[in-house]
Amino acid sequence: MESWVRFNSQSQAKERVFRAAQYACTLLGYALHRGGAAANVRQTVHQLEAHMSLTRKLLRLGNSVEAVEAAKRAVHLSDTVLRLCLTIGHINRAMYFACDNVLWASKAGVISRLDQHKWSQRSFRYYLFALILNLTRDVYELNILFEREHRHRATKSTNQSPSAQPSAPQSSSSPPATTENHTLTAVLARSRRELRLLVRLLYSNPPLLLDLLKNCCDVFIPLDRLGIYPTGPGFVGACGLLSSVLSILTMVHPWLKLKP
């Protein structure tokens, strides 16, 4: 099993390249359609996109086995939230790849009289659930960083000796409008501080930033295919191309991959 996983990992980089090419064709086809290009040119790009998709399905034939192995490793994680998200997410990826393999067999002529639309919708449902769990994991990791930063600031402010005694509160009868303005100003100031902290935390954690961006781009693909949130081929092509480039980047530089 481990030898198969090692062999299968060698084809993942090729699959990412073909994925980037496929969604680049999707984006190009949309641009040609908007630009009023000739029908034969749009048909050629569409056929190229279909060939790229079929090649990707061939390269993903063993990915379900790897997803099952990843789920077995995730079961032993000590963190409950990570264990739940990663295990169920890998199981859904395994089911997605299994459905994808059935679709490839049907398109290759190995299986006849298969309802490809039904199996495609089924695979995208598994894919969507896996992405939702991945996004949940990203938000959880980000929340851990937020809590760690807030604890660090609280400890730092506690250890510092006060430079001046706090002044006694002044009794004033401020009008309600002024009080509401002060409350709104405080809320806006706190929101700006939290936003700056969010940007700083993501900037200082490139693996989490790339994984969050990749999952946010990927989630629009099944949402569009399932008809839950249609966005059109142009947006889907741009999101797929961007997420593919980010995936290739994590393969070229493994330290950018979020672990575990």
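All residue numbers refer to positions counted from 1 along the written sequence of the respective chain. Owing to the predicted nature of the model, reporting of local features is limited to residues with pLDDT of at least 70; listing and counting of side-chain atom pairs is limited to 80 or more, with chain, interface and lining totals taken over all residues. Computation of side-chain values: all heavy atoms of the structure, hydrogens and water removed.

1. Quick word on the overall build of the protein
Thought 1: A run of H or I in DSSP counts as a helix once it spans at least four residues, and a run of E counts as a strand once it spans at least two, with each numbered from the N terminus. The number of helices and strands found in the protein is eight helices and zero strands.
Thought 2: Ordered by position in the sequence, the α and β elements of the protein form the string α-α-α-α-α-α-α-α.
Thought 3: For every residue, the accessible area (1.4 Å probe, protein chains only) is compared with the maximum for its type, and the residue is labelled buried under 20%, exposed over 50%, or partly exposed between those bounds. Across the 260 residues that make up the protein, the buried fraction comes to 35%.
Thought 4: Any two residues whose heavy atoms approach within 4.5 Å at even a single point are treated as in contact. Counted over contacts in the protein with a minimum sequence separation of 6, partners at least 24 positions apart contribute 76%.
Thought 5: Taken as a whole, the protein presents about 16,300 Å² of accessible surface, with 62% of it coming from carbon and sulfur. With residues, only the protein chains shown are counted as cover, and all accessible areas are computed by Shrake-Rupley using a 1.4 Å probe.

2. Observations concerning the environment of A74
Thought 1: By secondary structure assignment, the location of A74 is in helix α3 (residues 63-74).
Thought 2: On the basis of relative accessible area, A74 is assigned to the buried category, the value being 5%.
Thought 3: Through-space distance from the C-alpha of A74 to that of L84 is 8.2 Å; in sequence the pair is ten residues apart.
Thought 4: Those residues in contact with A74 that lie beyond four places of it in its chain are R83, L86, T87 and H90.

3. So, the nonpolar core
Thought 1: To qualify as a nonpolar core, a set must consist of buried Ala, Val, Leu, Ile, Met, Phe, Trp, Tyr and Cys residues joined through side-chain atoms within 4.5 Å. In this structure, F124, Y127, L128, V219 and I221 are the most contacted members of the largest nonpolar core, which totals 15 residues.
Thought 2: When contributions to this core are tallied by element, the ones reaching two or more residues are α4 (80-107), α5 (116-159) and α7 (206-225).
Thought 3: A per-element tally of this core places α5 first, with five residues.
Thought 4: Excluding residues that lie within four positions of it along the chain, F124 makes contacts with I221, P222, R225 and L226.
Thought 5: Counting residues in hydrophobic clusters, the runner-up holds eight residues, among them L145, L201, L202 and L208.

4. A look at α7
For an α-helix, 3.6 residues make a turn, and residues three or four places apart therefore share a direction.
Thought 1: Given the number of residues in a helix, its expected span is that number minus one, multiplied by 1.5 Å. The end-to-end C-alpha distance of α7, which contains 20 residues, comes to 30 Å, matching closely the 28 Å that a straight helix rising 1.5 Å per residue would cover.
Thought 2: Of the residues flanking the end of α7, it is G227, one or two places downstream, whose phi is positive at about 80 degrees.

5. Looking at the pattern of salt bridges
Two side chains of opposite charge can pair, provided their charged atoms sit close to one another.
Thought 1: A side-chain nitrogen of Lys or Arg and a carboxyl oxygen of Asp or Glu constitute a salt bridge if their distance falls within 4 Å. Tallying each qualifying case throughout the model produces ten salt bridges.
Thought 2: Here K57 makes a salt bridge to D100, at a shortest N to O gap of 2.7 Å. Linking K57 in helix α2 (residues 39-59) with D100 in helix α4, this pair joins segments that are 43 residues apart in sequence. Note on accessibility: K57 and D100 belong to one class, buried.
Thought 3: Through salt bridges with shared partners, one network takes in E15, R16, R56, K57, R60 and D100.

6. Examining the side chain of R60
Thought 1: Following the sequence through the fold, R60 ends up in the loop between α2 and α3.
Thought 2: Owing to a relative accessible area of 4%, R60 belongs among the buried residues under this scheme.
Thought 3: We define a polar contact as two N or O atoms separated by no more than 3.5 Å, with the added condition that, inside protein, one atom must be a possible hydrogen donor and the other a possible acceptor, whereas residues neighbouring each other in sequence contribute only through side-chain atom pairs. A polar atom in the side chain of R60 sits 3.1 Å from the side chain of E15.

7. Quick word on the side chain of S247
Thought 1: Positionally, S247 belongs in helix α8 (residues 233-252).
Thought 2: Reaching out from S247, the side chain makes a polar contact with the side chain of R16 at a distance of 3.4 Å.
Thought 3: If we ignore the near neighbours within four places in the chain, the residues touching S247 are R16 and K214.

8. Points about the packing of α7 against α8
Thought 1: Lines are fitted to the C-alpha atoms to define the axes, a helix being fitted only along its stretch in contact, and any angle between axes, read from their N-to-C directions, falls within 0 to 180 degrees. Interaxial distance between α7 and α8 falls to 9 Å at its minimum, and their mutual angle equals 145 degrees. In the crossing of α7 with α8, the sense of the turn from one axis to the other is left-handed. Residue-level inspection shows L210, L213, K214, C217, D218, F220, I221, D224 and R225 of α7 in contact with α8, the latter providing F235, V236, C239, G240, L242, S243, L246, S247, L249 and T250.
Thought 2: In terms of residue class, the contact of α7 with α8 is made up of eleven nonpolar, four polar and four charged. In a left-handed crossing the near helix is turned counterclockwise from the far helix by less than a right angle, and in a right-handed crossing that turn is clockwise. Each residue gets one of three labels, nonpolar for Ala, Val, Leu, Ile, Met, Phe, Trp, Tyr, Cys and Pro, charged for Asp, Glu, Lys and Arg, and polar for the others, Gly among them.

9. Some points on a positive patch on the surface
Thought 1: There is a patch of like positive charges on the surface, built from R190, R192, R193 and R196.
Thought 2: Relative to the helices and strands, R193 is located in helix α6 (residues 176-203). Patch building starts from residues that exceed 30% relative accessible area and form no salt bridge, then joins like charges within 9 Å and nonpolar side chains (Val, Leu, Ile, Met, Phe, Trp, Tyr) within 5 Å. The sign given to each residue is positive for Lys and Arg and negative for Asp and Glu; His and the chain ends receive no count. Charge placement uses NZ in Lys and CZ in Arg. For Asp and Glu, CG and CD serve respectively.

The quantities given are spatial measurements derived from coordinates; they are silent on function.
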